[in-house]
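Chains, contacts and geometry: an overview
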Amino acid sequence: MATVLVVEDDPKSADAICAILAEEGLRVTTVQDGAAAFLQAKDKDFDAIVLDRMLPGGIDGVGVLDMLRKAGIRTPVLILSALSALEERVRGLRAGGDDYLAKPFEPLELAARVMALIRRRVAETSSISLEQGRVRIDLIAREAWVDGQKIDLQARELQLLAYLVRHHDRPVSRAMIFEDVWGYRYDQRTNVIDVHVTRLRRKIERGDLPPLIETVRGTGYVFRSA
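1. Remarks on helix H7 (residues 174-182)
- Among all positions in H7, only Ile177, Phe178, Val181 and Trp182 are buried. Looking down the long axis of H7, one finds its buried residues gathered within 95 degrees of arc, a one-sided arrangement.

2. Quick word on the layout of surface pockets
- Taken as a whole, the largest pocket encloses approximately 380 Å³ of empty space.
- If you go around the largest pocket, you meet 21 residues; those closest to its centre are Gly72, Ile73, Arg74, Ala141 and Arg142.
- Looking at the lining of the largest pocket, the elements with two or more residues in it are helix H5 (107-125), strand S8 (143-146) and strand S9 (149-151).
- Along the lines of polarity and charge, the residues of the lining of the largest pocket split into eight nonpolar, four polar and nine charged.

3. Details of empty space enclosed by the protein
- According to the stated counting rule, one finds two cavities of 30 Å³ or more in the structure shown.
- In this structure, the second largest cavity occupies an estimated 40 Å³ of space.
- Lining of the second largest cavity is provided by Arg69, Arg74, Thr75, Pro76, Leu93, Gly96, Gly97, Asp98, Ala155, Arg156 and Gln159.
- The element best represented in the lining of the second largest cavity is helix H6 (residues 155-166), accounting for three residues.
- Looking at the lining of the second largest cavity residue by residue, the classes come out as three nonpolar, four polar and four charged.

4. As for the confidence of the model for the chain
- Residue-level pLDDT values for the chain average 87, and 96% of them are 70 or greater.
- When pLDDT is averaged over each helix and strand of the chain, the minimum, 74, is found for helix H4 (residues 86-94) and the maximum, 95, for strand S1 (residues 3-7).

5. What about the packing of aromatic side chains?
- The full count for this structure, using the stated rule, is zero aromatic pairs.
- In this arrangement the basic side chain of Arg136 is found over the ring face of Trp145, its NZ or CZ atom lying 4.2 Å from the centre.

Calculation criteria
Residues numbered from 1 in each chain as written. Predicted model: local features only at pLDDT ≥ 70, side-chain atom pairs only at ≥ 80, totals over all residues. Heavy atoms only, no water. Buried < 20%, exposed > 50% of the residue type's maximum accessible area, 1.4 Å probe, protein only. Helix = DSSP H or I, 4+ residues; strand = E, 2+ residues; numbered from the N terminus. Arc of directions from axis to C-beta. 1 Å grid on protein atoms, 1.4 Å probe; cavity = no way out; pocket = protein on both sides within 12 Å on 5 of 7 lines; lining within 4 Å. Points joined across faces, edges and corners; volume = space filled by probe spheres on them. Nonpolar A, V, L, I, M, F, W, Y, C, P; charged D, E, K, R; others polar. pLDDT = per-residue confidence, 0-100. Phe/Tyr/Trp six-rings, centres within 6.5 Å; stacked < 30°, edge-to-face > 60°. Lys NZ or Arg CZ within 6 Å of the ring centre and 35° of its normal.

Structure (structure tokens):
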């Protein structure tokens, strides 16, 4: 049975979320503040986390995310928030969130998004590694190597690299990347993908060798395996 950590300070909302997820056959643990969320996620291997953006106690949802990712905890996180502006969504995603759902939400959508995160995690860990050309990725340890050298990547950078490697030598659009890696419908007003690709290139490419990630004008990007 898949397990989900729900971080929500409002008891009625927490109960409603638990009921929705229980109907999907998920085992749910609830906490009400950021510190408790971090300790639970650190001690137990949850399949997904539903994280309220606004939390009491001095550590909000973004703060929890930052603590989790710095501690090497890669559990997929769905952020719930009454703050639905594009800037807030982008901030949550950049902090290491895997999905973002604005309040109020439909129960069916919440259930579908959580189940999608769990399926994605299962798919990512169903094989031990990806290897194409000069790049190798350990999907269990969530580590990457280029030319045999370990590269320090953030969670989203690793997800992005894995996606590009899986689609090696095939151009993928920004819309495809945003929807498949970030889990959102692409918004042309955001440059979050370009920012992440730029950061990723700085970490994995060498000036004396051909680029691993090429820009395809008018389309998006392509990972070159050779």
